[in-house]
Amino acid sequence: MDFKKAYWIALVATFALASCSTTPTGTGQPATLPVEQTPGMSQAPESLSVARAQINAQATPEYRIKLTRAWAAEYLQQQRPEDAEQLLGDLNPASLPPEKRFQWILLSGRAALAQQNAAPAVELLNRYQEEIQQYPVEQQAQLDLLRADALAMEGQLIDSLQQRVAAHPLLNDQDQDYNHEMIWQLLMQLSPQELASAIQSSSGDLRGWLTLAQLYRDPIADLDAQVSRLDQWSAQWRTHPAISDVPAMLDALKEAASHRPSQVAILLPTSGPLQNVGKTLQEGIMTAHYQQKQNSLSPTLRFYDSGPDNILAVYQQAINDGADFVLGPLSKEKAATIAAQGTLPVTTLALNYIETDQVPENFFQFGLAPEDEARQIARQGVREGSNQAGILYPKGDWGERVAQAFAEEWQNLHGTVTVSRAYQEGPDIGETVEELLLVAQSEARGKEVSRFTNLDMDIEPRRRQDMDFLFLIANPNQGRQVKPALNFHFAKDLPVYSTSLIYSGESNPRRDQDLNGIRFVDMPWIIGDQSSDLHKVAAEQWPDGHGRYERLYAMGIDAYRLQSRLYLLNTLPSSELPGATGRLQMRNQQVVRRLDWAVFMRGEAKAMPQVANPSNSLSAQ
């Protein structure tokens, strides 16, 4: 695959109960690598060349091998997989005894996966397959887990799940915790169709995992029915590895069911400049409502025009009419007006984010904030081991705000912003990109060097080398100017990450060829499975789609779903709602989204499997 989710993710809150989730207990970290460390052994030098020199200076081959493995493990812990790989490459595996070769295979495989490259790990395991079969079963299980990680990274989710379930009983406690979490993570990424098909062809513990996931994959399922089905699952799978998760799930679902609203007031603009936005949100809300109504209990909905200036009068009218939950308003200013009233009579979910942190305890916020996308990209960069990033954003307050959100998150995670530039759309973009990459300075240095020699030197300009990736904020038209300019100015190999703004949401391979290679986050409704039941309903009701408002339509779907799940998200910090706009969690009374990843290939936006892999707890001991 072209873009794998980071190998270094520390897994938390991975089990989404399709409507909600409780995080499985466990550390989310793989076991420490079995590399022995001699008392007095020094730490790995910062410089790889120094490390190699010190290793080569050791008196005995045995100690050189031991030091190589210990320092390679330390480099992995420091998120330096390239250096670990080079150290391990200095060893001749054929000269190692089986015990030492097991450690070399495990370290080498993890170094490959940490560089987002599954193929070398799989090739390594295949090359030594016969020998591995002679290893103790515990060591075989660790290498099976390595293979499962590689399969997941390649997008072979079912194969990875089969490998994990088979290896699970033989793993040590810490690896079992990690494997347990990864199983949930992969189950949540299967489409409903893949899940149903896998259940039909599976048996044993794997079937138990799959059926448990299916119980919760429908985010608008009736809560009472989910409780009943979970009880039935528990009776059928009494000795299943996931059985310890069930009591907390049951309690959470029962409590959420008791807090469901019976009448929801929806405050949306049906007049004024935002009426088209309000109309689209209403259509999304009604689509989700009618689908739920076919399968379970659903609340009464009443709509109110939030366009008039006196939003407090509209809000009070909704309360007087019997609402026990208010959804809206959309306007940031009107939402702030309601929040400023102090304790509210009913739970209220505003469809925007306001500036103040001081809000009533029953006031919540949900929207499509691009700042959330920027922060997710920053976290992804750190998980991949990047340290230095550049930022390129459009001039104006909006671009500055999104760029600042990325920069703050990136720096909080100890990353460095090496360059930040604003651009003006038009013919000057090429000059801005050239300036960003310091190409002119490279050309000047080359000319200066050539002045002092008579040799025929081929000095080609180079881009700056202090960026691990570029965070680009651009719409499709802007991106179609920026990416070719990057390619032209010797930065074709520079990873470029962007927000959902880069994708129009509609296939346009001819024009989007210029976006090839850009990786971006977007909501599942846009880049996920388009054959879901809800997509089919939406296509029947709105055959022409919603064009540039399609993401708002998805927001309407999730806004409706949240009215019955908000209590769960707020009371259980680890709970999630796998929604149309992303995987939703609560943070400081704000619903935040975790989006999917995609990449432009041959002018098409291609979704990428979301793979979380072992964190870097690889210390030598």
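Only a predicted model underlies this, so the values are computations on that prediction, with no experimental measurement involved.

Chemist: In this structure, what is going on with the overall build of the protein? I would like to understand it.
Modeler: Along the backbone of the protein there are 25 helices and 15 strands. Here the protein holds 621 residues, and 56% of them are scored as buried. Nonlocal contacts in the protein, meaning residues at least 24 apart in sequence, comprise 70% of its contacts between residues at least 6 apart. As presented, the protein carries roughly 26,500 Å² of accessible surface, and 46% of it is formed by carbon and sulfur atoms.

Chemist: Explain the packing of aromatic side chains to me, please; I cannot follow it from the model alone.
Modeler: For any pair of aromatic rings, the description consists of the separation of the ring centres together with the inter-plane angle of the planes. Throughout the structure, instances matching the rule amount to 14 aromatic pairs. By the ring-pair criterion, three or more aromatic residues cluster together here, those being Phe406, Trp410, Phe469, Phe471, Tyr497 and Trp597.

Chemist: What should I look at first to understand helix α13 (residues 246-258) in this one?
Modeler: Counting along an α-helix, one turn takes 3.6 residues, and residues three or four places apart therefore face a common direction. When the terminal C-alpha atoms of α13 are compared, their 19 Å separation across 13 residues agrees well with the 18 Å that a helix rising 1.5 Å per residue should span. All buried positions along α13 are accounted for by Val246, Met249, Leu250, Ala252, Leu253, Ala256 and Ala257.

Chemist: Explain the sheet that holds strand β9 (residues 496-498) to me, please; I cannot follow it from the model alone.
Modeler: Adjacent strands of a sheet pair through backbone hydrogen bonds, lying either parallel or antiparallel. One open sheet holds the 7 strands; their spatial order is β7-β6-β8-β9-β10-β14-β15, and the pairing between them is mixed. For this open sheet the edge positions go to β7 (416-423) and β15 (604-608), each flanked by a neighbour on one side alone. Direction aside, neighbouring strands of the sheet carry axes that sit 25 degrees apart on average. Sheet topology places strand β14 (residues 596-601) next to β15; 5 bridges connect them, and they run antiparallel. Residue pairing for β15: Val599 is matched across the bridge by Lys606. Taken strand by strand, helix α19 (residues 429-437) contacts β6 (388-394), β7 and β8 (469-472), and its axis lies near 165 degrees from that of β7.

Chemist: Would you mind showing me how to read the nonpolar core here?
Modeler: Counting 87 residues, the largest nonpolar core has Leu327, Leu351, Phe366, Phe406, Phe471 and Trp525 as the members making the most contacts within it. Not counting chain neighbours up to four residues away, the residues in contact with Phe471 comprise Ala374, Ile377, Gly390, Ile391, Leu392, Val402, Phe406, Tyr497 and Thr499. Membership of the second largest hydrophobic core comes to 39 residues, among which are Trp233, Leu253, Ala256 and Ala257.

Chemist: What exactly am I supposed to notice about the packing of helix α9 (residues 173-187) against helix α11 (residues 204-216) here?
Modeler: Any two packed helices are characterised by the angle at which their axes cross and by the distance between the axes. Put simply, α9 and α11 touch, their axes get as near as 10 Å, and they point 55 degrees apart. As judged from the angle between their axes, α9 and α11 are oblique. For the pair α9 and α11, the sense of crossing is right-handed. Residue-level inspection shows His180, Ile183, Trp184 and Leu187 of α9 in contact with α11, the latter providing Trp209, Leu210, Leu212 and Ala213.

Chemist: Help me understand unusual backbone geometry, please; the structure alone is not making it clear to me.
Modeler: It is generally the case that most residues other than glycine have a negative phi and that most peptide bonds are trans. Here the bond from Gly328 into Pro329 is cis, since omega is 5 degrees, no more than 30 degrees from zero. You can see Pro329 is positioned in the loop between β3 (325-327) and α16 (332-339). Positive phi, close to 65 degrees, is recorded for Phe490, a residue that is not glycine. One non-glycine residue, Arg602, lies in positive phi territory at about 50 degrees.

Cut-offs used in this document
Residues numbered from 1 in each chain as written. Predicted model: local features only at pLDDT ≥ 70, side-chain atom pairs only at ≥ 80, totals over all residues. Heavy atoms only, no water. Helix = DSSP H or I, 4+ residues; strand = E, 2+ residues; numbered from the N terminus. Buried < 20%, exposed > 50% of the residue type's maximum accessible area, 1.4 Å probe, protein only. Contact = heavy atoms within 4.5 Å. Areas by Shrake-Rupley, 256 points an atom, 1.4 Å probe, with all protein chains shown as cover. Phe/Tyr/Trp six-rings, centres within 6.5 Å; stacked < 30°, edge-to-face > 60°. Expected span 1.5 Å × (residues − 1). Pairing = 2+ DSSP bridges. Axes fitted to C-alpha atoms, helices over the stretch in contact; angles between N-to-C directions. Core = buried A, V, L, I, M, F, W, Y, C linked by side-chain atoms within 4.5 Å. Parallel < 35°, antiparallel > 145°, perpendicular 65-115°, else oblique. Left-handed = near helix turned anticlockwise from the far one by under 90°.

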